[in-house]
Amino acid sequence: SMEEMEARVRAIKERFGKRLFIPGHHYQKDEVIQFADATGDSLGLAQVAAQNGEAEYIVFCGVHFMAETADILTGDHQKVILPDMRAGCSMADMAEISQVERAWPILQKLFSDEILPLTYVNSTAAIKAFVGRYGGAVVTSSNAKKMVEWAFTQKERIFFLPDQHLGRNTAYELGISLDEMAVWDPHADHLEYNGDIKKAKVILWKGHCSVHENFTVRHIEHIRKTKPDMRIIVHPECSWDVVQKADDAGSTKYIIETIRNAPSGSKWAIGTEMNLVNRLMHEHPDKEIISLNPYMCPCLTMNRIDLPHLLWALEALEKGIVVNQITVPEAIAKDAKQALDRMLALA
Ligand code: 13P
Ligand code: SF4
């Protein structure tokens, strides 16, 4: 039963003590997040991983790219475990290193090398390594603005991977117009742009999050009509028009803090992953909270980490078996770490 499994996880955690560390992303299920030693957004969890020198085993409750990042940032003596190998990220899968390696020489030539790559942390270690090699950095939804500003101190132009929406929303916030943004389509190996391409300041990779694309302008219009006093807050992985029409946008950490600090009785429609929206509803019974999309929006890959998988990984550890270890090859880890360190130094 659920109770039995919970008791077993608790007992194993107690026996391992500080040798075991469980980070949990805000999108994880409650049945898992209750056992997290640290919860956070992507930036917070990257920082936590970088600072933890103690734990022998890091059982990462999140998705594959987060576990890779943890492996890159932790010491050689530390092992990172992902309780279910199928916990990937559809957005990270939208940028394959082979596609990026086809695009890059074309863009470099077109812009006479005046272009710096930046990658959202939601990307494979190989993409982070590519970015690190060319002087660029990783960004998260918490620090994208600061990182894009930094990038423009390095080069005249940026190449933003793999989330076109976070890239577009962030650049727009910094005063770059939509006319100054082009989109690289990795399937057609084609740059989508109308106008003089030399004037483009931001080249966006044509990727997106399959969870956040489910929040639309129509949902916003419906709320405005039916609940005019409700405030709408969304994650910047939502499209530009959704972010423009919402009242506020920010990372999961920002959304949590905004709701926490909102007055009792306030009304909120939230455009982000289902587990987080549900948790906020339960934590704030004094506020009226709904999902911006009434059908809710689960991240199916995040949800693959459940209590049975967590328990399975921990019970194996007790028997001295390391299952589902995430190891980034040394050559990739070295370059990816440069891109991550450039972010962590500024964040
Ligand atoms: P943050 O945790 O940075 O808000 O990102 C959300 C997300 O989609 C993680 O996969
Ligand atoms: Fe990837 Fe979107 Fe799921 Fe985050 S919510 S892990 S970006 S698919």
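Everything quoted here is computed from the prediction, not taken from an experiment. (Residues numbered from 1 in each chain as written. Chains lettered and ligands numbered in written order. Predicted model: local features only at pLDDT ≥ 70, side-chain atom pairs only at ≥ 80, totals over all residues.)

Here's the deal with the overall build of the chain
Link 1 in the chain: Of the regular secondary structure elements, the chain holds 14 helices and 15 strands.
Link 2 in the chain: Compactness check: the chain gives a C-alpha radius of gyration of 20 Å against a globular reference of 20 Å for 347 residues, within 12% of the reference.
Link 3 in the chain: Expressed as a percentage of the 347 residues in the chain, the buried residues total 47%.
Link 4 in the chain: Restricting to contacts in the chain with at least 6 residues of sequence separation, those with at least 24 account for 66%. (Helix = DSSP H or I, 4+ residues; strand = E, 2+ residues; numbered from the N terminus. Rg over C-alpha atoms; globule rule 2.2 N^0.38 Å. Buried ≥ 20, exposed ≤ 12 C-beta atoms within 10 Å, placed from the backbone. Contact = placed C-beta atoms within 7 Å.)

Focus on the environment of Q34
Link 1 in the chain: Relative to the helices and strands, Q34 resides in the loop between α2 (30–33) and β3 (38–40).
Link 2 in the chain: Classification of Q34 by C-beta neighbours within 10 Å gives partly exposed; the count is 13.
Link 3 in the chain: Along the primary structure Q34 and E330 are separated by 296 residues, whereas in three dimensions their C-alpha atoms are 33 Å apart.

A look at unusual backbone geometry
Link 1 in the chain: Positioned with a positive phi, S112 is a non-glycine residue whose angle comes to about 45°.
Link 2 in the chain: Relative to the assigned elements, S112 resides in the loop between α5 (97–110) and β6 (116–120).
Link 3 in the chain: C-beta crowding within 10 Å serves as the criterion here: with 10 such atoms nearby, S112 is assigned to the exposed category.
Link 4 in the chain: Positive phi values are uncommon outside glycine, yet M296 reaches one of about 60°.
Link 5 in the chain: Structurally, M296 can be placed in the loop between β15 (288–291) and α13 (307–318).
Link 6 in the chain: Take M296: there are 14 C-beta atoms within 10 Å of it, and that puts it in the partly exposed class.

Quick word on the site of ligand 1
Link 1 in the chain: Around ligand 1, the surrounding shell consists of D41, S42, C89, N122, T140, S141, S142, C209, E237, S251 and T252.
Link 2 in the chain: There are two domains that each give the shell around ligand 1 at least three residues, and those are domain 2 (92–209) and domain 3 (212–291). (Near = placed C-beta within 6 Å. Domains from an automatic or database assignment.)

Description of the sheet that holds strand β4 (residues 57–59)
Backbone hydrogen bonds are what pair the strands of a sheet, in a parallel or an antiparallel way.
Link 1 in the chain: If you walk across this open sheet you meet the three strands as β1-β4-β5, and the pairing is parallel. Of all the strands in the sheet, the pair left with one neighbour each is β1 (20–21) and β5 (79–81).
Link 2 in the chain: One ladder, built from two bridges, connects β1 with β4; its direction is parallel. The residue of β4 that forms the bridge with L20 is Y57. (Pairing = 2+ DSSP bridges.)

Observations regarding the site of ligand 2
Link 1 in the chain: Around ligand 2 there are 14 residues in total, and C89, M91, C209, V211 and C299 lie nearest to it.
Link 2 in the chain: Split by residue class, the shell around ligand 2 holds eight nonpolar, four polar and two charged. (Nonpolar A, V, L, I, M, F, W, Y, C, P; charged D, E, K, R; others polar.)

Points about helix α12 (residues 274–283)
Link 1 in the chain: M274, N275, L276, V277 and L280 are the residues of α12 that are buried.
Link 2 in the chain: Buried-residue contacts for α12 involve α11 (252–261), β14 (267–271) and β15.

Some words on the packing of helix α1 (residues 2–16) against α13
Link 1 in the chain: The contact between α1 and α13 brings their axes to 10 Å, and the two run at 40°. On the basis of their axis angle, the class for α1 and α13 is oblique. For the element pair α1 and α13, the recorded crossing hand is left-handed. Residues M2, M5, R8, V9 and I12 of α1 pack against L307, P308, L310, L311, L314, E315 and E318 of α13.
Link 2 in the chain: Considered class by class, the residues forming the contact of α1 with α13 number nine nonpolar, no polar and three charged. (Axes fitted to C-alpha atoms, helices over the stretch in contact; angles between N-to-C directions. Parallel < 35°, antiparallel > 145°, perpendicular 65-115°, else oblique. Left-handed = near helix turned anticlockwise from the far one by under 90°.)

Here's the deal with the domain arrangement of the chain
Link 1 in the chain: The domain architecture assigned to the chain consists of domain 1 (2–87 + 302–329), domain 2 (92–209) and domain 3 (212–291).
Link 2 in the chain: Taking only C-alpha atoms into account, the centre of domain 2 sits 27 Å from that of domain 3.
Link 3 in the chain: With twelve residues of domain 2 at the contact, the number on the domain 3 side is 13 residues.
Link 4 in the chain: Residues that form the side of domain 2 that touches domain 3 fall into these classes: three nonpolar, seven polar and two charged.

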